[in-house]
Amino acid sequence: MTAHDTLFDIEDERDKPNEPRAVRATRTPGGLFADVVFDRPLDHAYTYAVPAELVAKIGVGKRVEVPFGKGGKATAGFCVRVTDDEPTSGYEIKTVTRVLDDDAIVDEHLMKLTRWMADYYLCGWGQVLHAVVPAGVRDNAGTRMASFVEPVPRESLPNPLPTVTPQQKAALDKLKKENRPLEILQLARLAKCTAGVVSGLIKKGLVRKFSERIETEASGAHESAESENAQGTDEARKEIELNADQLRVWKPIGEALAAGGYHPFLLHGVTGSGKTEVYLRAIEEVVKQGKEVVVLVPEISLTPQTISRFQGRCGNLAVMHSHLTDAERGGYWRRIATGHIHVVVGARSAVFAPTRKLGLIIIDEEHENSFKQESTPRYHARDVAVMRARLEGIPILMGSATPSLESWANAEKGNYTVLSMPNRVASRPMPAVKVVDLRHEPKAPGKPGAIGPTLEAAMRQTLKDKGQIILLLNRRGFSTHVHCEACGYVAQCANCDLAMTFHRTKNSLMCHYCGFETAPFQKCPTCAQPSMRYQGLGTEKLQVEIEEKFPGSVCQRMDSDTMSKPGSHQRVLDAFRDGLIQILVGTQMIAKGLDFPNVTLVGVVNADVGLHLPDFRSAERTFQLLAQVAGRAGRGTRGGQVLVQTFTPEHPCITLASHHNYNEFAKMELVHRKLHKYPPYERMARMIVRSEKEEAAAAFADVLATAFKEAIRRAMSTGRPSPEAPVRLLGPAECPVFRLNNFYRFHFQLQSDSSAVLHEVLRNVLALAKPPHGVEFQVDIDPYSML
DNA sequence: AGCACGCCGACT
DNA sequence: GTCGGCGTGCTC
C-alpha cells in the first residue's frame, strides 16, 4: 500500500507520462531544447527552443517563462529537461522567453521525487512542483536586489591612475580596510559620505559595482532559523542516556546510518517508551556525519515543547509550521538549500525540504491521518518519504505506538525492519484501563449527564489526591443534534447534507464540514412551534457539566474552537503543567503526544464516537485514538488509570485497546481487511464526481461507469497476470455525505491487487472521459477520507 | 486550468 | 440575416 511496491510497477506502463509526446530524432548539432511542465493537469511536458542568449542560464529545476496556449500567453513553467536532441514534431516549436531563476530551486533528487508523485497520484508534474515549492521561494519573498562595490584589483586599475578627492580617498580606504564587498549605501554610511562619492569612484574605474540578491534584514528567518546550541534548554543539554530497550533498537539504526543506503525501520514503541530519545540519538549521529535530517511530525505536535527537545543538540534547526509567512518559509528554503540547516522539523510538506546531503528521514506518529494531503496532489507524506529515502538511498525511521496497518503489513512482508519497545521507560507500568458499560451504568441521581457515576467517583478521588485529569470527547460544540419535537425537523446545513451543531459560546449553529453558520432558533422554522430540542453531546456541554459537578476545580477545554489563536495551545498546556488547571477536556487534540506526569486519570466520555462511520478504517481509527489517549495516563511515578465509557464494551477495538494489545488488534483487523479486499491487501483509488447540478453529476457518473468498464475490459485483455478479478469497480454511488458545500457528489472505488493495473485503468479513463462544464472529476489514490 | 473554435436561439 | 450561448478539445 505504500510507495514501496509501486515505483517500478508504474515504470512499466506503455505510455510514459510526463515525456513530451513527440518522438525525438537523433541529436542534431546546433539547437538546445528545454522540456517544460506547467501548473495544469497536463500529463506530459512541452518542448521549447532555447535561444542562444539563454543557453548559459537555462537549467533543469529552474522556472522559465514561455508562450503557452492558444494565445501564446506568457506562462511560467518548470524546466524538467534540457537536451540537444531536436524533437521531430509536427508542432511549431516556440522559444523560451526568460529564465526566472538564477539557481535551480529544485534539485535532481526532488525532480525525481515529484515526477514519481505526478505518475503515482495522477496529476500534472507541474502541479506537483507548484505545490512543493513554497510561494515565498517562487517570488523571492524576503529578499531584495542590492548593489555592491568592491575595489578593482591592482592589475585592472586604470593607467594612469585618476586623481581622487579627499572624500573619495577616504571611502576607498574604508572599503579596502573592510576587505569584503559592501553595499553602496553601507559604504557611504561607514565613510560618512554620500552615495555620490561612491559613484565617483565607480566612474573613475577604482571600484567595481555588481548586484546580488540578498535576504531582507527584516525577513525574520534569521532569529528562529539559527537556534543554535546555545539556545538549548536544560533538559535538552542533558546527555541522552538510552535505556536497555532504547539501546537495543538503536543498534540496527546506528549500523544502517554507518553503512548508508536505503533502510526503512518501523519503530513500534508503546506510549511512554521513549521513542524521542532514539530519534535524538539518530539525529546526533547524522549531524555528526555532516548530513541533514528531516523530521516529520503531525501539525498538531509542532508545539514549543516538542521543538525544545530537538533544539540544542542538533545544530541549526528549522521548524516549518503552518503559521510562517511567505518570507519566513522562503528564507528557510534557501537556508536549507545552501546547507545552513542541519535538522528540519515540520509537518507534511517538510518532506520536500531541499536538503543537500540528506542522511535520514524520521516520521513520528507514522499512523497519523494528517500526513495525507486532501487537495491536489493528494499525497501521503509517509509514502512520499519512503520513496524519497529509496531514491536518495538513506535510512528512514517511522515511529508509532499504534502503527498504521499499511506499515504493519509492510513490516510483515519484510519490507520494513520492525524495532519494538514494549515497555515504558523506568519500568513504569501501562495504566490500568477499565471499560464502563454505559448500558448497565446506574442512573446518577439528579439530572442525567455524560459523566456516569463510575467516572465521576474516579474524578473526585483523583482531585482529592491532587492528581490531574484528561477527558476525551471527540466532538466539538454544545449540542450536536438540533431538532423539533413537534414535527421532526432537523437543523441542517444550507450547503451540505449534514446536521448543524449548536455552539453556545458563539451562540450559533455551525456546519463542521463547510463552516456555514446561522443563528439558532427558538421556534421551529417549519411548524413554528416553540418545540426545538437541543440534544447530543459536545465538548462545550461537557465542560459545563464538569463545572457544575466539580465547582472547586479549574476545567479548561481544548478543541479547535478554543485553540484558534496562535499560542493559545501553548498557554493552556503551560497552565496545565503548572497545575493551574486540574481537568483538561477536549477532542483528539488532547489525545496525542502530551506528556504530563501528574495526569493520573484519563476518561473517555464516549468511545463509540466515530466507530460506526461508513469507512473501512473506522475501527483502526478508534483503536488508535483509545490507545493514544490511554497513553496520557501514568507517565509519572504516581501511576494512573483510564476509564472508557462505551455502549459497545464487547467491540474488539475497545477490549484490545483496554489491554494495550496492538499486536492482537492488528492481527484481527488485517484478517478483516484481507477478507473484504481492503488496503493494505488491495490497492484502492477513490474517484469523486461533483457538480452543483445534481443531474449533471449523475449523468457524468454514468458516462464514467461505462468508461471504467471498457478500460477494465481492456486491461484484462492485455494478458496481464489476471486471476479472477484483477480490478473491481464499486459505484457509482452517492457519497456518504451526498451534498457538500453545495456540490452533489457521487463516488467510485477502484480496487486491485496490482497498482500498475489500477493506474493503467485510471489513465485510460482520464484520457477517455473529460468532464463537461460545471462537473469536476477528482482521483484520490490511497484515499483516507471516505465521506 | 484558460482559451479558442464551433454549431443552435433572440435580436438590429 | 448576425451576436452570442457555452460544449469540446488543445496547449510544444
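Residues numbered from 1 in each chain as written. Chains lettered and ligands numbered in written order. Predicted model: local features only at pLDDT ≥ 70, side-chain atom pairs only at ≥ 80, totals over all residues. Heavy atoms only, no water.

Participant: Looking at this model, I keep getting lost on helix α11 (residues 275-288). Mind explaining?
Facilitator: In an α-helix, one full turn covers 3.6 residues, which means residues spaced three or four apart are oriented alike. A rise of 1.5 Å per residue sets the reference length of α11, with its 14 residues, at 20 Å; its end C-alpha atoms lie 20 Å apart and thus fit the reference within 8%. For α11, the complete set of buried residues consists of K275, T276, V278, Y279, L280, A282, I283 and V286. Note on α11: the residue one or two positions beyond its end, G290, has a positive phi of about 80°. (Helix = DSSP H or I, 4+ residues; strand = E, 2+ residues; numbered from the N terminus. Expected span 1.5 Å × (residues − 1). Buried < 20%, exposed > 50% of the residue type's maximum accessible area, 1.4 Å probe, protein only.)

Participant: Any chance you could explain the protein's contact with DNA strand C here in plain terms?
Facilitator: Within the structure, DNA strand C sits among 14 residues, and T47, Y91, E92, K94 and H773 are positioned closest to it. Atoms of DNA strand C within 4 Å of the protein: sugar and phosphate make up 43%, bases the balance. Contact between DNA strand C and Y91: a base nitrogen at 2.6 Å from a side-chain N or O atom of the residue. (Near = heavy atom within 4 Å. Polar contact = N/O pair within 3.5 Å; in protein donor to acceptor, adjacent residues only side chain to side chain.)

Participant: For this particular structure, what's the right way to read the UniProt feature "binding site: Zn(2+) 2" (unreviewed entry) in chain A?
Facilitator: When the UniProt feature table is mapped onto this chain, "binding site: Zn(2+) 2" (unreviewed entry) is found at C493, C496, C511 and C514. In summary, the annotated positions, though distributed over 22 residues, converge in three dimensions, the widest C-alpha pair being only 8.7 Å. Position of C511 relative to the elements: it lies in the loop between β20 (508-510) and β21 (517-518). Among residues more than four places away in sequence, those in contact with C511 are C493, C496, M500 and F516. Of note, C514 is situated in the loop between β20 and β21. In this structure C514 touches C493, N495, C496 and N741, once residues within four positions along its chain are discounted. (UniProt positions renumbered as here; feature names shortened; annotations may be inferred. Contact = heavy atoms within 4.5 Å.)

Participant: I tried to follow the packing of aromatic side chains on my own but got confused; where do I start?
Facilitator: What describes a pair of aromatic rings is the distance from one ring centre to the other and the angle between the planes of the rings. Going through the model one piece at a time under the given rule, you end up with 20 aromatic pairs. Centre to centre, the rings of W116 and Y121 are 6.0 Å apart; their planes meet at 80°, and the pair counts as edge-to-face. In this structure W116 comes out as buried when scored by relative accessible area, which is 3%. Assessed through its relative accessible area of 4%, Y121 is described here as buried. Judged by centre distance (6.2 Å) and plane angle (75°), the rings of F700 and F777 are edge-to-face. Residue F700 is located in helix α22 (residues 694-717), and its partner F777 is located in strand β30 (residues 775-781); the two are separated by 77 residues in the primary sequence. Assessed through its relative accessible area of 16%, F777 is described here as buried. Taken together through their ring pairs, the aromatic side chains of W408, F623, Y662 and F665 make up a single cluster. Positioned over the ring face of Y784 is R617, at 3.8 Å from the centre of the ring. Stacked on the ring of F743, the Lys or Arg R690 has its end atom at 3.6 Å from the ring centre. (Phe/Tyr/Trp six-rings, centres within 6.5 Å; stacked < 30°, edge-to-face > 60°. Lys NZ or Arg CZ within 6 Å of the ring centre and 35° of its normal.)

Participant: How should the protein's contact with DNA strand B be read in this particular structure?
Facilitator: If you check the shell around DNA strand B, you find R40, P41, K70 and K73 and nothing else. Of everything in DNA strand B that lies within 4 Å of the protein, sugar and phosphate atoms constitute 55%. At 3.3 Å from a phosphate oxygen of DNA strand B is found a side-chain nitrogen or oxygen belonging to K73. Looking at the surface near DNA strand B residue by residue, the class counts come to one nonpolar, no polar and three charged. (Nonpolar A, V, L, I, M, F, W, Y, C, P; charged D, E, K, R; others polar.)

Participant: Any chance you could explain the side chain of K372 here in plain terms?
Facilitator: Inspection of the secondary structure puts K372 in the loop between β13 (358-363) and α14 (381-392). A polar contact of 3.0 Å, which involves the side chain of K372, links it to the backbone oxygen of R378. Among the polar contacts made by the side chain of K372, one reaches the main-chain carbonyl oxygen of I781 at a distance of 2.7 Å. Discounting residues that sit within four places of it in the chain, K372 has contacts with R348, R378, Y379, H380, D780, I781, D782, P783 and Y784.

Participant: Would you mind showing me how to read the UniProt feature "domain: Helicase ATP-binding" (unreviewed entry) in chain A here?
Facilitator: As recorded in UniProt, the sites labelled "domain: Helicase ATP-binding" (unreviewed entry) are residues 256-421. Across residues 256-421, the secondary structure splits into 34% helix and 22% strand, with the terminal C-alpha atoms separated by 19 Å.

Participant: Is there a simple way to explain the packing of helix α19 (residues 618-630) against helix α21 (residues 662-675) in this structure?
Facilitator: As a packed pair, α19 and α21 sit with axes 11 Å apart at the nearest point and diverge in direction by 170°. Taken as axis vectors, α19 and α21 run roughly antiparallel relative to one another. Within the contact between the two elements, α19 uses A619, E620 and F623 and α21 uses Y662, F665, E669 and R673. In terms of residue class, the contact of α19 with α21 is made up of four nonpolar, no polar and three charged. (Axes fitted to C-alpha atoms, helices over the stretch in contact; angles between N-to-C directions. Parallel < 35°, antiparallel > 145°, perpendicular 65-115°, else oblique.)

Participant: Explanation requested: the nonpolar core in the structure shown.
Facilitator: The nonpolar side chains of a soluble globular protein tend to be buried with one another. Counting 121 residues, the largest nonpolar core has F708, L750 and V761 as the members making the most contacts within it. The element best represented in this core is α22, accounting for ten residues. Sequence-distant contacts of F708, that is, excluding residues within four places in its chain, are made with M687, L729, F748, L750, V761, L762, V765 and F777. Grouped together as the second largest cluster of nonpolar side chains are 32 residues, V297, V345, A347 and L397 included. (Core = buried A, V, L, I, M, F, W, Y, C linked by side-chain atoms within 4.5 Å.)

Participant: What am I meant to see in the packing of helix α15 (residues 405-412) against α21 here?
Facilitator: Between α15 and α21, the shortest axis-to-axis distance is 11 Å and the interhelical angle comes to 90°. Considered as vectors, α15 and α21 are oriented roughly perpendicular to each other. Counting all contacts with α15, which are made through L405, W408 and E412, the residues of α21 involved are Y662, N663, A666, E669, L670 and R673. Residues that form the contact of α15 with α21 fall into these classes: five nonpolar, one polar and three charged.

Participant: What exactly am I supposed to notice about helix α18 (residues 568-577) here?
Facilitator: The element α18 is extensively covered by neighbouring structure, given that seven of its ten residues are classed as buried. Three or more residues of α18 are buried, namely S568, H569, Q570, V572, L573, A575 and F576. On its buried face, α18 sits against α12 (304-310), β17 (468-472), β23 (555-558), β24 (583-586) and β25 (599-604). G579, located one to two residues past α18, shows a positive phi value of around 80°.

Participant: Where do I start with the pairing of β25 in this structure?
Facilitator: Taken residue by residue, a regular strand's side chains alternate between the two faces of the sheet. Within β25, six of the six residues are buried, leaving the element largely enclosed by the surrounding structure. Here β17 runs beside β25; their pairing, made up of five bridges, is parallel. Residue pairing for β25: L471 is matched across the bridge by G603. Where β25 lies against strand β26 (residues 641-646), four bridges are found, and the strand directions are parallel. Each residue of the ladder has a partner; that of V604, found in β26, is V644. Assessed by its sense of winding, the connection that carries the chain from β25 through α19 to β26 is right-handed. (Pairing = 2+ DSSP bridges. Right-handed = clockwise from strand over helix to strand, strands pointing away.)

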